[in-house]
Amino acid sequence: MTGNDVDVVVVGGGIGGLSNALALSRKGLRVRVLERAQEFGEVGAGLQIAPNCTRILDRWGLLGEITSLGVLPENIVMKDAVDGSVLTRLDLHDVERRYGFPYMVIHRSDLHGTLLRACREAGVDLVTDVAVTGYEQAAGGAVAVHGGGGEFGGVVVAADGLHSVARRILSDDEPVNSAYVAYRGAVPFDRVAGLDVHPKDVVVYVGPRCHFVQYPLRQGELFNQVAVFESARALAGEADWGTPDELDAAFERACGQVRAGLPLMWRDRWWRMFDRDPIMNWVSGRIVLTGDAAHPPLQYLAQGAVMAIEDAWVLSEHVGSAGGDWDAALAAYNEVRTEHCRRVLTTARAWGELWHHDGDERLWRNGVLRERDVHDYTYVDWLFGPTALTPEQEPPMFPARVP
Ligand code: FAD
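Parameters and conventions
- Residues numbered from 1 in each chain as written.
- Predicted model: local features only at pLDDT ≥ 70, side-chain atom pairs only at ≥ 80, totals over all residues.
- Heavy atoms only, no water.
- Helix = DSSP H or I, 4+ residues; strand = E, 2+ residues; numbered from the N terminus.
- Rg over C-alpha atoms; globule rule 2.2 N^0.38 Å.
- Contact = heavy atoms within 4.5 Å.
- Areas by Shrake-Rupley, 256 points an atom, 1.4 Å probe, with all protein chains shown as cover.
- Lys, Arg positive; Asp, Glu negative; His and termini not counted.
- Charge placed at Lys NZ, Arg CZ, Asp CG, Glu CD.
- UniProt positions renumbered as here; feature names shortened; annotations may be inferred.
- Expected span 1.5 Å × (residues − 1).
- Buried < 20%, exposed > 50% of the residue type's maximum accessible area, 1.4 Å probe, protein only.
- Near = heavy atom within 4 Å.
- Polar contact = N/O pair within 3.5 Å; in protein donor to acceptor, adjacent residues only side chain to side chain.
- Nonpolar A, V, L, I, M, F, W, Y, C, P; charged D, E, K, R; others polar.
- Pairing = 2+ DSSP bridges.
- Axes fitted to C-alpha atoms, helices over the stretch in contact; angles between N-to-C directions.
- Phe/Tyr/Trp six-rings, centres within 6.5 Å; stacked < 30°, edge-to-face > 60°.
- Lys NZ or Arg CZ within 6 Å of the ring centre and 35° of its normal.
- Salt bridge = Lys/Arg side-chain N within 4 Å of Asp/Glu carboxyl O.

(A) The arrangement of the overall build of the chain in detail. A tally of regular secondary structure across the chain gives 13 helices and 18 strands. Taken against the 2.2 N^0.38 rule, which gives 22 Å for 403 residues, the C-alpha radius of gyration of the chain at 21 Å falls within 12% of a compact globule. Reported as C-alpha extents along the three principal axes, the dimensions of the chain are approximately 60 × 50 × 40 Å. Within the chain, contacts between residues separated by at least 24 positions form 74% of all contacts whose residues are at least 6 apart in sequence. Surface exposure of the chain reaches about 16,300 Å², of which carbon and sulfur atoms provide 51%. The average position of the 38 basic charges and that of the 55 acidic charges among the side chains of the chain differ by 3 Å.

(B) Highlighting the side chain of H357. Tracing the backbone shows H357 in the loop between α11 (326-355) and α12 (359-371). Ignoring any residue separated from it by four or fewer positions in sequence, one finds H357 in contact with G207, P208, R362, W364 and R365.

(C) Structural view of the UniProt feature "domain: FAD-binding" (unreviewed entry) in the chain. Mapped onto this structure's residue numbering, the UniProt feature "domain: FAD-binding" (unreviewed entry) falls at residues 5-346. In this annotation, residues 5-346 is assigned 32% helix and 29% strand; the end-to-end C-alpha distance for the span is 40 Å.

(D) Layout of helix α10 (residues 304-321). For α10, built from 18 residues, the straight-helix expectation of 26 Å at 1.5 Å per residue is met to within 8% by its first-to-last C-alpha distance of 26 Å. With respect to burial, α10 is a largely interior element, 14 of its 18 residues being buried. Just downstream of α10, G323 is the residue with a positive phi angle, here 55°.

(E) How the structure looks around the site of the ligand. Around the ligand, the surrounding shell holds 29 residues, and the nearest of these are G16, E35, Q48, R108 and D292. In the environment of the ligand, an oxygen atom lies 3.5 Å from a nitrogen or oxygen atom belonging to the backbone of I15. Interatomic distance of 3.2 Å between a backbone N/O atom of R36 and a nitrogen atom of the ligand. Contributions of two or more residues to the shell around the ligand are made by α1 (15-25), β3 (46-49), β12 (176-188) and α10. The element contributing the most residues to the shell around the ligand is α10, with three residues. Here the shell around the ligand is built from residues that sort into 12 nonpolar, 10 polar and seven charged.

(F) Fine view of the sheet that holds strand β2 (residues 31-34). Read from one edge of the open sheet, six strands run β7-β2-β1-β11-β18-β17, paired in mixed fashion. The outermost strands of the open sheet, each flanked by one partner alone, are β7 (125-127) and β17 (283-284). Bridge count for strand β1 (residues 8-11) against β2 is four bridges, and the pairing is parallel. Bridged to V10 within β2 is V33. Here α11 sits on the sheet and contacts β1, β11 (155-158), β17 and β18 (287-289); the angle it forms with β18, its principal contact strand, is near 20°.

(G) Spatial organisation of the packing of aromatic side chains. Counting across every chain of the model gives 11 aromatic pairs. Taking 6.1 Å as the distance between ring centres and 90° as the angle between the ring planes, the aromatic pair formed by Y99 and Y377 counts as edge-to-face. You can see Y99 sitting in helix α4 (residues 92-99) and its partner Y377 sitting in the loop between α12 and α13 (381-384), a full 278 residues away along the chain. By relative accessible area, Y377 is classed as buried at 4%. An angle of 70° between the planes, with centres 6.1 Å apart, marks the rings of F212 and F251 as edge-to-face. Here F212 is found in strand β14 (residues 210-217), whereas its partner F251 is found in the loop between α8 (244-250) and α9 (256-261), with 39 residues between them in sequence. Among the aromatic residues, ring-to-ring pairing joins Y183, F212, F229, F251 and W270 into one connected group. Over the ring of W271 we find R184; its NZ or CZ atom is 4.3 Å from the centre of that ring. Positioned above the aromatic ring of W266 is the side chain of R269, whose terminal nitrogen or guanidinium carbon lies 4.6 Å from the ring centre.

(H) Region of the structure containing the pairing of β3. A two-sided burial pattern is seen for β3, the buried positions comprising G46 and Q48 on one face and L47 and I49 on the other. Both β3 and strand β6 (residues 104-107) contribute to a ladder of four bridges, which runs antiparallel. Its bridge partner being in β6, Q48 is matched across the sheet by V105.

(I) Geometry of the sheet that holds strand β9 (residues 141-146). With respect to topology, three strands assemble into an open sheet ordered β8-β9-β10, the strand pairing being antiparallel. The open sheet has two edge strands, β8 (132-138) and β10 (149-153), and neither has a second partner. On average, each strand axis in the sheet is inclined to that of its neighbour by 25°, with strand direction left out of account. Where β9 meets β10, five bridges bridge the pair, whose relative direction is antiparallel. Note on β10: the bridge partner recorded for V143 is F152.

(J) Layout of the environment of I66. Position of I66 among the secondary structure elements: in helix α3 (residues 63-69). When neighbours within four sequence positions are excluded, I66 is seen to be in contact with I49, L57, M104, I106, L111 and T114.

(K) Quick peek at the pattern of salt bridges. A complete count under the given rule lists 30 salt bridges for this structure. Of the charged contacts, one joins R362 and D80 as a salt bridge, the two residues approaching to 2.8 Å between their closest N and O atoms. Of the two residues, R362 is situated in helix α12 and D80 in strand β4 (residues 75-80); the sequence distance between them amounts to 282 residues. Like D80, R362 is buried. Of the charged contacts, one joins D110 and R218 as a salt bridge, the two residues approaching to 2.8 Å between their closest N and O atoms. One end of the pair, D110, is in helix α5 (residues 108-121); the other, R218, is in the loop between β14 and β15 (222-230), with 108 residues separating them in the sequence.

Encoded structure:
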């Protein structure tokens, strides 16, 4: 086993793990990251990051770099996927004025690469090709066990994603299959230049058991698309589900703008969509869950990576103010983050249901969304505002309206 040469061992070098490593090293701690892959990296294409995330990236001194790599879209526009009509929108200039920080879209590898570089500069020990297989409590800390022995840290931060090994210490739950699958694709912008797309907006087409997302990336050089649908074969219990033939069938009723985008999706890989039921304790001794290991959501609120970054910031702030008392810091983190993330997980499920309505329910949804005042922030204030450090700071989800 490696000796007492680090204060913190972080398991997993995704966006969540690197954020924890950076945040804790900024508090003066010696941090080692163990990543099972041969190289650090991110798979996938675009990521939306809301003001509750860009606020934290600013505190870490990374917002300028991130902004130079991403895109600040003008609006989030929601449209009906069947008839293509506009249902509602968020004015993102107004969002930035309201929350003080921008809503941004960025290539995952650009965000991950920025965090990796910042970790290197902060002196984080970044280790690849180490798969953690178990955890042990130890005097004054915990051990992340792997094929080569184990790594001791005063704390072990588990950021090992949806299939977290560490989570098994706290729960015997399994990932919940939504029966939905996502196809992604980022292409040079000139491939869509002749199509009816919004080059400066995030557009979400919501449709019967499907939705389709489009937005620019890399200062407009790339155009990102995500096609999500419910798989009939998954519902029938078949093992082979989410295949490209199902993609085409799922969008048969979609409007021309959506169907024009489908041929540009990557068809050689797809992402089956699982979340987990919320659990309200993420701490066992000196082992703590963060990111998707703690709270993997369905992605409909675009808050999964954002929550992982918030976790890192909240944990590090409590570590900073607890004066070396790890148990106090972990308890304070657990107290505020579990409830916030529970809300996000359950709201993301409900949001998905609203998006995917058909028949009369679709017409009802469209009517409600068209009536919405575009400057009404009732449903996003609790997400986009400053990340709470204590339960008392956590805003109510949907404040009662004064008649
Ligand atoms: P992961 O990204 O899963 O990283 C875990 C890391 O741990 C990996 O590097 C893995 O190799 C490593 N690892 C795993 N097991 C071990 C082990 N045993 N030992 C060592 N290393 C290990 N979120 C947003 O905020 N905005 C969005 O717009 C958004 N869009 C999304 C769209 C789709 C289609 C999907 C599927 C998700 C989306 N998300 C979005 C969610 C977001 O991608 C995740 O919530 C986020 O990436 C979780 O980060 P993480 O670091 O916690 O976990």
